[in-house]
Amino acid sequence: MKDFVAELEWRGMIHDQMPGTGDQLNKEMTSGYIGFDPTADSLHIGSLVQIMTLVHFQRAGHKPVVLVGGATGMVGDPSGKSAERNLLSEDVLQHNLQCVTAQLKQFLDFDCGNNSAEVVNNYDWFKDFNFLDFIRDVGKHISVNYMMAKDSVKKRLETGMSFTEFSYQLVQGYDFYWLHQNKNCKLQMGGSDQWGNIVTGTELIRRKAQGEAFALTTPLVKKADGTKFGKTEGGNVWLDKERTSPYKFYQYWLNASDEDAANYLRIFTLFDKEKIEALEAEHATAPNMRIMQKALGEDVTIRVHGEEAYTTAIKASNILFGRSTTEDLISLDESTLLSVFEGVPQASIAKDDLTSLANVTDLLSEGTGGIVFSSKGEARKMIKGGGVSINKTKISDPNQAVDFGLLQDKYLLAQRGKKNYFLITVE
């Protein structure tokens, strides 16, 4: 048994804990859970904080229970929300549940004896629980005054909240009660915005079962510059590679500020204190090498997407910074290729028109609508000067035939100078 609370404390991962939580965890192997609502068919890196909490919990010798909210997903948690969210259809919810459950199974050990991880779905105990029984058996134990005092409710009173959302804390509280009674769960964990919902559960256990339960929350991760963690211009950074490519995923960590990278190493990796401090010291000697960011990106990308995806992300990153070969470019799959060159100027040309062009000069001027070069003369001059490449191969003859191999059978990558890229789609 390791000291779970001490581990989280040095990593800066504790916001609140109920008195006696550490004593309970040091006394015996304890079952503890975190809930994940299936509002999408993928978790995002904001969810990774809670996933890492469960990973540390299991590594400390305790039993992690993952609750996927088939029932609570139908209601909608008001915590941290400024408006009521749209409720999902049952078909969408079931699809999301399956996808999220599969992702969670990547991180925890489900076959390691007494502290094997377990997944539960609160729909299983709510599907036959009728409304009258719920308000009689659960609602009578928690006063309206108690519920109104919660931040998640107070912050919404001015704009208004439905009875559905108001009742959410009772539903989540009952989850904890049910798991306490049926799975011997004594601890619920979550983000700091969940504190009110979690202690409603401990209160319900105390009043309804005369039992004892505990609570622990982690801080909400914030970026040093004040912008929201886990968000880019394109939206959330997802764990599903179809939603966020491994290249973009890796780039998110690589682009972290030094202050954020030091924080993220503690929260999102399993590196011990000595290794993190060594990385910080090494980084300080040559900040331009981004040693912390590279170690962070490697560790998190491999754990989420695997070694092969990480290797591809490195190749893709090197392409933009000139440290790559034609072979590296050819090895990229289409989604990674499009991720890398998202936002660069693009042009399309029909395959018949491509084959009818006299030479590469025509291709890079009139053939692509002038996006690479505005005139043939400009194109010839730069080709002769050695400043033009197609698919990472330098072009030296302005009259070279247009017989280049297509990337993914449909793309050509033109490069003018060191940093100007142009993606040509052959249709």
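Residues numbered from 1 in each chain as written. Predicted model: local features only at pLDDT ≥ 70, side-chain atom pairs only at ≥ 80, totals over all residues. Heavy atoms only, no water.

**With respect to the overall build of the chain**
Then step 1. When helices and strands are counted, the chain shows 21 helices and 13 strands.
Then step 2. Taken over 427 residues, the chain has a buried fraction of 51%.
Then step 3. In the chain, of all internal contacts separated by at least 6 residues, the share reaching a separation of at least 24 is 72%.
Then step 4. Put simply, the chain shows about 20,000 Å² of open surface, and 48% of that area lies on carbon and sulfur atoms. (Helix = DSSP H or I, 4+ residues; strand = E, 2+ residues; numbered from the N terminus. Buried < 20%, exposed > 50% of the residue type's maximum accessible area, 1.4 Å probe, protein only. Contact = heavy atoms within 4.5 Å. Areas by Shrake-Rupley, 256 points an atom, 1.4 Å probe, with all protein chains shown as cover.)

**Here we look at the sheet that holds strand S1 (residues 16-17)**
Then step 1. Strand order across the open sheet formed by 6 strands is S1-S6-S5-S2-S3-S4, with mixed pairing between neighbours. Only two strands of the sheet have a single partner each, and these edge strands are S1 and strand S4 (118-121).
Then step 2. For strand S2 (residues 31-36) and strand S3 (residues 63-68), the ladder comprises 6 bridges, and the chain directions are parallel. Residue pairing in the sheet places Ile 34 in a bridge with Val 66 of S3.
Then step 3. Lying over the sheet, helix H3 (residues 48-59) contacts S2, S3, strand S5 (185-191) and strand S6 (214-218), oriented at roughly 165° with respect to S2.
Then step 4. Packed on one face of the sheet, helix H4 (residues 90-104) meets S2, S3 and S4 and runs near 160° to S3. (Pairing = 2+ DSSP bridges. Axes fitted to C-alpha atoms, helices over the stretch in contact; angles between N-to-C directions.)

**Quick notes on the environment of Asp 91**
Then step 1. On the secondary structure map, Asp 91 appears in helix H4.
Then step 2. With a relative accessible area of 66%, Asp 91 lands in the exposed category.

**Structural notes on the pairing of S3**
Then step 1. Of all 6 residues making up S3, 6 are buried, and the element is well covered by its neighbours.
Then step 2. Of the two faces of S3, the one lined by Lys 63, Val 65 and Leu 67 and the one lined by Pro 64, Val 66 and Val 68 are each fully buried.
Then step 3. Following the backbone out of S2, through H3 and into the adjacent parallel S3, one traces a crossover that is right-handed.
Then step 4. Two strands pair when backbone bridges link them, and S3 and S4 are joined in this way by 4 bridges, in the parallel orientation. Each bridged residue has a counterpart across the sheet, and for Val 68 the counterpart in S4 is Asn 121. (Right-handed = clockwise from strand over helix to strand, strands pointing away.)

**Re the pattern of salt bridges**
Then step 1. The tally for this structure, following the rule as stated, stands at 14 salt bridges.
Then step 2. Across the pair Arg 303 and Asp 299 runs a salt bridge, and its minimum N-O distance is 2.7 Å. Of the two residues, Arg 303 and Asp 299 are both situated in helix H15 (residues 291-305); the distance of 4 residues between them amounts to about one turn of the helix.
Then step 3. Relative accessible area serves as the criterion here: at 17%, Asp 299 is assigned to the buried category. (Salt bridge = Lys/Arg side-chain N within 4 Å of Asp/Glu carboxyl O.)

**Overview of the packing of aromatic side chains**
Think of a pair of aromatic rings as described by two things: how far the centres are apart, and how the planes are tilted against each other in angle.
Then step 1. The final tally for this structure, using the stated rule, is 21 aromatic pairs.
Then step 2. Plain terms: the ring middles of Phe 229 and Phe 268 are 5.4 Å apart, the flat faces sit at 15° to each other, and that makes the pair stacked. Taken together, the residues Phe 229 in the loop between S6 and strand S7 (231-232) and Phe 268 in helix H13 (residues 258-268) connect sequence positions 39 residues apart. There is no split in this pair, since Phe 229 and Phe 268 are both buried.
Then step 3. Aromatic side chains Tyr 250 and Tyr 310 sit 5.8 Å apart centroid to centroid with 75° between the ring planes, which places their arrangement in the edge-to-face category. Of this pair, Tyr 250 sits in helix H12 (residues 246-254) while Tyr 310 sits in helix H16 (residues 307-320), and the two are 60 residues apart along the sequence. As far as burial versus exposure is concerned, Tyr 250 and Tyr 310 are alike and both buried.
Then step 4. An aromatic cluster of at least three residues, connected via ring pairs, comprises Phe 229, Phe 249, Tyr 252, Trp 253, Tyr 264 and Phe 268.
Then step 5. For the cation-ring pair, Arg 243 lies above Trp 238, with the distance from its terminal atom to the ring centre recorded as 4.2 Å.
Then step 6. Sitting above the plane of the Phe 373 ring, Arg 416 keeps its charged end 5.8 Å from the centroid. (Phe/Tyr/Trp six-rings, centres within 6.5 Å; stacked < 30°, edge-to-face > 60°. Lys NZ or Arg CZ within 6 Å of the ring centre and 35° of its normal.)

**Here's the deal with the side chain of Asn 121**
Then step 1. Summarising the element assignment, Asn 121 is placed in strand S4.
Then step 2. We classify Asn 121 as buried; its relative accessible area is 16%.
Then step 3. In this structure the side chain of Asn 121 is engaged in a polar contact, spanning 3.0 Å, whose partner is the backbone nitrogen of Tyr 123.
Then step 4. Excluding residues within four positions of it along the chain, Asn 121 makes contact with Val 68, Gly 69, Gly 70, Ala 71 and Leu 97. (Polar contact = N/O pair within 3.5 Å; in protein donor to acceptor, adjacent residues only side chain to side chain.)

**Observations concerning the packing of helix H10 (residues 168-183) against helix H11 (residues 195-209)**
Then step 1. Relative orientation of the contacting elements H10 and H11 amounts to 55°, with a least axis distance of 7 Å. Compared by their axis directions, H10 and H11 come out oblique. As for how H10 packs across H11, the hand of that crossing is right-handed. Counting all contacts with H10, which are made through Tyr 168, Gln 169, Gln 172, Gly 173, Tyr 174, Phe 176, Tyr 177, His 180 and Gln 181, the residues of H11 involved are Asn 197, Ile 198, Thr 200, Gly 201, Thr 202, Leu 204, Ile 205, Lys 208 and Ala 209. (Parallel < 35°, antiparallel > 145°, perpendicular 65-115°, else oblique. Left-handed = near helix turned anticlockwise from the far one by under 90°.)

**Focus on H10**
Then step 1. For H10, with 16 residues, the first-to-last C-alpha span of 22 Å sits near the 22 Å given by 1.5 Å per residue.
Then step 2. Among the 16 residues of H10, 13 are classified as buried, and the element is accordingly described as predominantly covered.
Then step 3. Note on H10: the residue one or two positions beyond its end, Asn 184, has a positive phi of about 55°. (Expected span 1.5 Å × (residues − 1).)

**Some details on H13**
For an α-helix the count is 3.6 residues per turn, leaving residues at separations of three or four pointing the same way.
Then step 1. Judged by how many residues are buried, H13 sits mostly within the fold: 8 of 11 residues are covered.
Then step 2. Among the residues of H13, Asp 260, Ala 261, Ala 262, Tyr 264, Leu 265, Arg 266, Ile 267 and Phe 268 are the ones counted as buried.
Then step 3. Buried residues belonging to H13 abut helix H1 (4-10), H3, H12, helix H14 (273-285) and H15.

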